[in-house]
Amino acid sequence: MRFLVVSLFIFLSAGCSITKQPAESLTIPLKPTLKSQTYLLEYETEHASPKVKSVQLPAHKIQFNQTVKIVSDKASMTDTLLSQISQALNEKQLKVTTRNDSDYILTIQQLDLAFKEDIQYTPSKPEKTYSLYKKVVQQYPTQQCAAIFAEVSMRLTHKQSGDVVWFAKSSIDSASFHQEPLAYSFNEEQKISNELEVAAFIHQQNTEQARLARVDKEIEIPDYKIISKLSSLTKISGPCNRTEVSALTPMMQFYLSSILIDKIKVQ
């Protein structure tokens, strides 16, 4: 009986020693630190000076403190622009009045605004170049922006005689008026391109069958692959679409009006 018990113990011990123990489960490797950086890209276009024509006739001398009545029946003028033109005349030491017995009448003949063909902006080279500059400008070689052409014309008439003593006209486009470049930003972000593949590999290698198969074997976990991805451009400053460009028109009209009134020679 004792012999049978000893034999059975030896048989069971041998069976346990023959059974394979599975390899340890693999753990997902730590992800590398990913970097992100923001860059600035500017676009510029050619600018032109305002076109100005001013003619003052010698029939009547315009003198300091003479009165001027502003008439804008032929043009749609805002109260703000009226106030600005009045201030410009006051700075020329002419008195603005609403009375009909003024010395002169300033007629606002034209306050025209019209969209013109889109203006093309091209990239300007940054002061500090960066490696992605060429790649980005190849992807975004130009920017097309809306443009408005503004024209203002006036004439000054001597009230008593009806003689025109001065007439002038000026014009400019919105890009030449604004002049500042368009500024855009974009991001370069690092991303892991094979994260799912690494996770799937770990999952497959942690099955019971795979753990038994890799006993005493070295398994190489795939490295994470890092790629750089560029975002699209985001405009951060500068008027470009029609709404943004249209917002410039009050300032454009005031600018052109100021140029013209400054041409009046007062003695």
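Use the structure listed above.
Bear in mind the structure is a predicted one, so any value in this text is a computation, not a measurement.

Novice: With reference to specific residues and values, describe the overall build of the chain.
Specialist: In terms of regular secondary structure, the chain is built from 8 helices and 10 strands. In terms of overall dimensions, the chain has C-alpha extents of about 150 × 35 × 25 Å along its principal axes. When burial is assessed residue by residue, the chain has 33% of its 267 residues classed as buried. In the chain, 85% of the contacts between residues at least 6 apart in sequence involve partners at least 24 apart. Working note: accessible area of the chain is about 17500 Å², and carbon and sulfur atoms make up 52% of it. Averaged over its 30 positive side-chain charges, the chain has a centre that lies 2 Å from the centre of its 28 negative ones.

Novice: How would you explain helix H5 (residues 195-205) if you had to name every residue and give the values?
Specialist: An α-helical turn contains 3.6 residues, so any two residues separated by three or four positions project in the same direction. Along H5, the residues that are buried comprise Val198, Ile202 and Gln205. On an axial view of H5, the arc spanned by its buried residues comes to 70 degrees, and they lie on one face. Opposite the buried face of H5, at more than 90 degrees from it, the exposed residues are Leu196 and His203. Here the buried face of H5 lies against helix H6 (208-213).

Novice: Lay out the packing of helix H2 (residues 79-91) against helix H8 (residues 249-262) in plain terms, naming residues and giving numbers.
Specialist: Two numbers describe how H2 lies on H8: the axes approach to 10 Å, and their chain directions differ by 25 degrees. Judged on the interaxial angle alone, H8 and H2 are roughly parallel. Between H2 and H8 lies a crossing of right-handed hand. Mapping the contact onto sequence places Leu81, Gln84, Ile85, Ala88 and Leu89 in H2 and Gln253, Phe254, Ser257 and Ile261 in H8.

Novice: I'd like a description of the side chain of Ser124, backed by residues and values.
Specialist: Following the sequence through the fold, Ser124 ends up in strand S5 (residues 104-124). Relative accessible area serves as the criterion here: at 13%, Ser124 is assigned to the buried category. In this structure Ser124 touches Glu42, Tyr43, Glu44 and Tyr133, once residues within four positions along its chain are discounted.

Novice: Outline the packing of aromatic side chains, supporting the account with residue identities and numerical values.
Specialist: Taken as a whole, this structure holds 6 aromatic pairs when the rule is applied. With a centroid separation of 5.3 Å and 20 degrees between ring planes, the pair formed by Tyr39 and Phe186 is classed as stacked. Placement of the pair is Tyr39 in strand S1 (residues 36-44) and Phe186 in strand S8 (residues 182-192), with a sequence separation of 147 residues. The burial state of Tyr39 is the same as that of Phe186; both residues are buried. Put simply, the rings of Tyr39, Tyr130, Tyr133 and Phe186 touch in pairs and so form one group of aromatic residues. Against the face of Phe115 rests Arg242, its NZ or CZ located 3.9 Å from the ring centre.

Procedures and definitions
- Residues numbered from 1 in each chain as written.
- Predicted model: local features only at pLDDT ≥ 70, side-chain atom pairs only at ≥ 80, totals over all residues.
- Heavy atoms only, no water.
- Helix = DSSP H or I, 4+ residues; strand = E, 2+ residues; numbered from the N terminus.
- Buried < 20%, exposed > 50% of the residue type's maximum accessible area, 1.4 Å probe, protein only.
- Contact = heavy atoms within 4.5 Å.
- Areas by Shrake-Rupley, 256 points an atom, 1.4 Å probe, with all protein chains shown as cover.
- Lys, Arg positive; Asp, Glu negative; His and termini not counted.
- Charge placed at Lys NZ, Arg CZ, Asp CG, Glu CD.
- Arc of directions from axis to C-beta.
- Axes fitted to C-alpha atoms, helices over the stretch in contact; angles between N-to-C directions.
- Parallel < 35°, antiparallel > 145°, perpendicular 65-115°, else oblique.
- Left-handed = near helix turned anticlockwise from the far one by under 90°.
- Phe/Tyr/Trp six-rings, centres within 6.5 Å; stacked < 30°, edge-to-face > 60°.
- Lys NZ or Arg CZ within 6 Å of the ring centre and 35° of its normal.

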